[in-house]
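The primary structure of each chain is shown beneath.
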Amino acid sequence: MEKWSLMTVTVLLALTVRWAVSLGSYSGAGKPPMYGDYEAQRHWQEITYNLPIRQWYFNTSDNNLLYWGLDYPPLTAYHSFVCAYIAKLINPDWVALHTSRGYESQPHKLFMRTTVFVADLLVYIPAVILYCFSLKETSAKKKASTCALCILLYPGLILIDHGHFQYPLSLGLALWAVLCLCHDWDLLGSVAFCLALNYKQMELYHSLPFFCYLLGKCFKKGLKGKGLVLLAKLAGTVLLSFAACWLPFGTDVEQIMQVLRRLFPIDRGLFEACMFSSPTHCPDKVANIWCSLSVLIKIKNVISPRTQLKLSFAVTFLSLLPACIKLTVQPSLRGFKFALVSCALSFFLFSFQVHEKSILLVSVPVCLVINEIPFMATWFLLVSTFSLLPLLLKDGLLLPYAVTTPAFLAACLASFSILDKTSAEDLQLKAFSLSLKSYTSCFKAFPRIVRSLFLLSLSLMGILSVLSAAAPPPQRLPDLFPVAVAVLSCLHFLLFLLYFNVVILWDSKNKGQKKIS
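Residues numbered from 1 in each chain as written. Predicted model: local features only at pLDDT ≥ 70, side-chain atom pairs only at ≥ 80, totals over all residues. Heavy atoms only, no water.

Per an unreviewed UniProt entry, the protein is named Alpha-1,3-glucosyltransferase, and its organism is Zosterops hypoxanthus. Taken verbatim from the UniProt record of the protein, the Sequence similarities (unreviewed entry) comment is "Belongs to the ALG6/ALG8 glucosyltransferase family." (UniProt positions renumbered as here; feature names shortened; annotations may be inferred.)

**Student:** Whenever I open this one, the overall build of the protein confuses me. Can you help?
**Tutor:** Looking only at helices and strands, one finds 22 helices and zero strands in the protein. Taking 517 residues into account, the globule formula puts the C-alpha radius of gyration at 24 Å, and the protein, at 23 Å, falls close to it. Once the C-alpha set of the protein is aligned to its principal axes, its extents read approximately 70 × 65 × 60 Å. When burial is assessed residue by residue, the protein has 56% of its 517 residues classed as buried. For the protein, long-range pairs separated by at least 24 residues make up 78% of all intrachain contacts whose partners lie at least 6 apart in sequence. Element-wise, carbon and sulfur atoms account for 69% of the exposed surface of the protein, whose accessible area totals about 22500 Å². Mean positive and mean negative side-chain charge positions of the protein (44 and 27 charges, respectively) differ by 10 Å. (Helix = DSSP H or I, 4+ residues; strand = E, 2+ residues; numbered from the N terminus. Rg over C-alpha atoms; globule rule 2.2 N^0.38 Å. Buried < 20%, exposed > 50% of the residue type's maximum accessible area, 1.4 Å probe, protein only. Contact = heavy atoms within 4.5 Å. Areas by Shrake-Rupley, 256 points an atom, 1.4 Å probe, with all protein chains shown as cover. Lys, Arg positive; Asp, Glu negative; His and termini not counted. Charge placed at Lys NZ, Arg CZ, Asp CG, Glu CD.)

**Student:** I would appreciate a short explanation of the nonpolar core in the present structure.
**Tutor:** Within soluble globular proteins, side chains that are nonpolar tend to cluster in buried spots. Grouped together as the largest cluster of nonpolar side chains are 122 residues, with contacts concentrated most on Tyr124, Phe348, Val362, Ile370, Phe380, Phe493 and Phe496. The greatest single-element share of this core, amounting to 13 residues, is contributed by helix 14 (residues 333-350). When residues of this core are sorted by domain, at least three fall in each of domain 1 (167-263) and domain 2 (265-507). Once residues lying within four places of it in the same chain are set aside, the contact partners of Phe380 are Leu345, Ile359, Val362, Ser363, Val366, Phe493 and Phe496. Judged by nonpolar contacts, the second largest core, of 38 residues, contains Cys83, Val95, Ala196 and Cys245. (Core = buried A, V, L, I, M, F, W, Y, C linked by side-chain atoms within 4.5 Å. Domains from an automatic or database assignment.)

**Student:** Which parts of the structure should I look at to understand the environment of Phe454?
**Tutor:** Among the secondary structure elements, Phe454 is positioned in helix 21 (residues 446-470). As a C-alpha pair, Phe454 and Phe375 span 79 residues in sequence and 9.3 Å in three-dimensional space. Setting aside residues up to four positions removed in sequence, Phe454 forms contacts with Phe375, Trp379, Leu382, Leu409, Ile418 and Leu419.

**Student:** Looking at this structure, how should I read the domain arrangement of the protein?
**Tutor:** How big an interface is tends to be stated in terms of the accessible area lost upon association of its parts. For the protein, the assigned domains read domain 1 (167-263) and domain 2 (265-507). Computed over C-alpha atoms, the centres of domain 1 and domain 2 are 26 Å apart. Contacts between the two partners involve 23 residues from domain 1, matched on the other side by 26 residues from domain 2. Of the roughly 2100 Å² buried between domain 1 and domain 2 on both sides combined, carbon and sulfur atoms contribute 79%. Linking domain 1 with domain 2 are zero salt bridges, by the criterion used here. At the boundary of domain 1 with domain 2, the tally comes to one residue pair in polar contact (both at pLDDT 80 or more). Broken down by element, the side of domain 1 that touches domain 2 gets its largest block of residues, 13 residues, from helix 9 (residues 204-246). Its residues assigned to classes, the side of domain 1 that touches domain 2 comprises 16 nonpolar, two polar and five charged. (Buried area = accessible area lost by both parts, 1.4 Å probe. Salt bridge = Lys/Arg side-chain N within 4 Å of Asp/Glu carboxyl O. Polar contact = N/O pair within 3.5 Å; in protein donor to acceptor, adjacent residues only side chain to side chain. Nonpolar A, V, L, I, M, F, W, Y, C, P; charged D, E, K, R; others polar.)

**Student:** How should I be thinking about the pattern of salt bridges in this particular structure?
**Tutor:** Two side chains bearing opposite charge may form a pair once their charged atoms approach each other closely. Throughout the structure, instances matching the rule amount to nine salt bridges. Among the ionic pairs, Arg334 bridges to Glu372, the shortest N-O distance being 2.9 Å. Placement of Arg334 in helix 14 and of Glu372 in the loop between helix 15 (360-368) and helix 16 (374-387) is noted, with a sequence separation of 38 residues between them. Arg334 sits in the buried class, given a relative accessible area of 6%. Between Asp507 and Arg334 there is a salt bridge; the shortest N-O distance is 2.5 Å. Note that Asp507 is positioned in the segment after helix 22 (480-505) and Arg334 in helix 14, a separation of 173 residues in sequence. Exposure remark for Asp507: the relative accessible area of 13% places this residue in the buried category. Among the charged side chains, a network of salt bridges with common partners joins Glu39, Arg42 and Glu46.

**Student:** What should I look at first to understand the packing of aromatic side chains in this one?
**Tutor:** Each aromatic ring pair is characterised by the separation of its centres together with the angle its planes make. Scanning the entire structure with this criterion turns up 27 aromatic pairs. Taken together, the aromatic side chains of Phe338, Phe348, Phe375, Trp379, Phe380, Phe454, Phe493, Phe496, Tyr499 and Phe500 make up a single cluster linked through ring pairs. Above the ring of Tyr67, the side-chain terminus of Arg101 is found at 3.7 Å from the ring centroid. Geometry around Tyr72 places Lys200 over its ring, the cationic atom sitting 5.2 Å from the centre. (Phe/Tyr/Trp six-rings, centres within 6.5 Å; stacked < 30°, edge-to-face > 60°. Lys NZ or Arg CZ within 6 Å of the ring centre and 35° of its normal.)

**Student:** Can you walk me through the state of the cysteines in this structure?
**Tutor:** Simply put, the disulfide is a covalent bond whose two ends are the sulfur atoms of two cysteines. Going through the model one piece at a time under the given rule, you end up with zero disulfides. Free cysteine Cys367: the closest other cysteine sulfur is in Cys412, separated by 8.7 Å. Take Cys367: its relative accessible area is 1%, and that puts it in the buried class. (Disulfide = S-S within 2.5 Å.)

**Student:** Please clarify how the confidence of the model for the protein should be interpreted in this entry.
**Tutor:** When pLDDT drops low, the exact placement of atoms in the prediction is not to be read closely. Per-residue confidence for the protein gives a mean pLDDT of 90, with 92% of residues at or over 70. Note that residues 273-283 has pLDDT below 50 and, in this model, 32 contacts with residues that lie over four places away or in other chains. (pLDDT = per-residue confidence, 0-100.)

**Student:** What am I meant to see in unusual backbone geometry here?
**Tutor:** Most peptide bonds take the trans configuration, and most residues that are not glycine carry a negative phi. Looking along the chain, the bond that leaves Pro32 and enters Pro33 is cis, with omega of 5 degrees. In this structure, Pro33 sits in the loop between helix 1 (2-22) and helix 2 (37-50). A positive phi angle is found at Ser417, which is not glycine, with a value near 50 degrees. Among the secondary structure elements, Ser417 is positioned in the loop between helix 18 (398-416) and helix 19 (430-434).

**Student:** Got a minute to help me understand the environment of Cys343 in this structure?
**Tutor:** Summarising the element assignment, Cys343 is placed in helix 14. In sequence terms Cys343 and Ser207 are 136 residues apart; their C-alpha atoms lie 8.9 Å from each other. Excluding residues within four positions of it along the chain, Cys343 makes contact with Tyr205, Pro209, Leu320 and Cys324.

**Student:** Is there a simple way to explain the side chain of His164 in this structure?
**Tutor:** Mapped onto the fold, His164 is located in helix 6 (residues 155-165). In contact with His164, other than residues within four places in its own chain, are Tyr26, Ser27, Asp37, Leu159, Lys357, Leu391, Asp395 and Leu397.

See below:
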């Protein structure tokens, strides 16, 4: 009972923080003609409610795709339709075709915020709670609740979902998929991940670890016996899940092709992270390698779009290959969770058309290992929130950012004593350090060096946050601070990618996990 009482307090605190953040501004508020993501979600409700399914993804006189046209998979559209149905019952003006464009009112804001709140409460938060209770390392009564507290107080997700405006459903469904695999419910996990992927195509960031882990599990069972049966069941489950999601579009090949063109618009270019060149949003300040390199080399001017696509694919594939091979050959739940982080980070840093918000696809898997590497996980989550700063400033979310970020750091310090968890063993680098026998003396000073780098990192992020919020940039360099935030974050992410790959490749704890049978 005490365990559940602590968890109840944790959830109430997390909900209170979300409610407080939702009272503020949202993406594109009062900024015509495109407004922002809030209007995009409202417009999708307008379109899905008033138009037949066959017109949802096509450009027509009633559906101008240049004005927030649907560019997410069918489950997003179905979810928009459900929200629109409820909105119509409350106030038909909210989803009236054409006339509701740019609609803004306090009752409607309350309705839209509530839909995100409900999605969080029904999908994401329960997955976090059950995941924390399932951890073998969290046997102490307070451990599960403190782990859940740190995950649920992660500011990046709160600020984007309840501030900027976005639904946590795809990440929540992906979490349910991980939870199912943790309990050996492989078929249910496959269904949950298929639903996540059919809600947002960016879940492709997580697809390879799911594929490699389950394939490796089939290999371990033997492809002439139980493994082949499991493989057939998994294939059938995936096909049926996709068929159910795409059924309304399956009668017409052109419908399917149009949806796919909307989901993967490769002709927009390497840097076109968002669909629109809105004056309120600059897509070129993403903390990935391409945008950071463009400070020195204008890649768009020297490499053709097709070559950009090939280069991006090649670098992304090569960067995630080691983790995927290791996971396929030695499938383990621990390796699976770390591979989710590594592969998602590879996609974020090197893939095509990356949005700032895509860092959340890396951050949520990092949350899953916060109990194993609390110091590095906390550091990464702070950097990921910092990387969103230019977007948050545009949305008027400076105050929530300034409050939730230190609060999260304080929660991690209190819950995990992260500054005392900086030894090579605490950072899961003991096996790596032993492989460098001639440099063992360097590892004696390792904890002090890591703590110093962490404090330096916090200082730089704090200074840049203050300058971005309070200091006018030089006239000759109007984007100085957003670019500085992106480059500094990118440098951090590259080092984190190296770190996570080292942990995966030198992992010696898999031997202690139960055998897959």
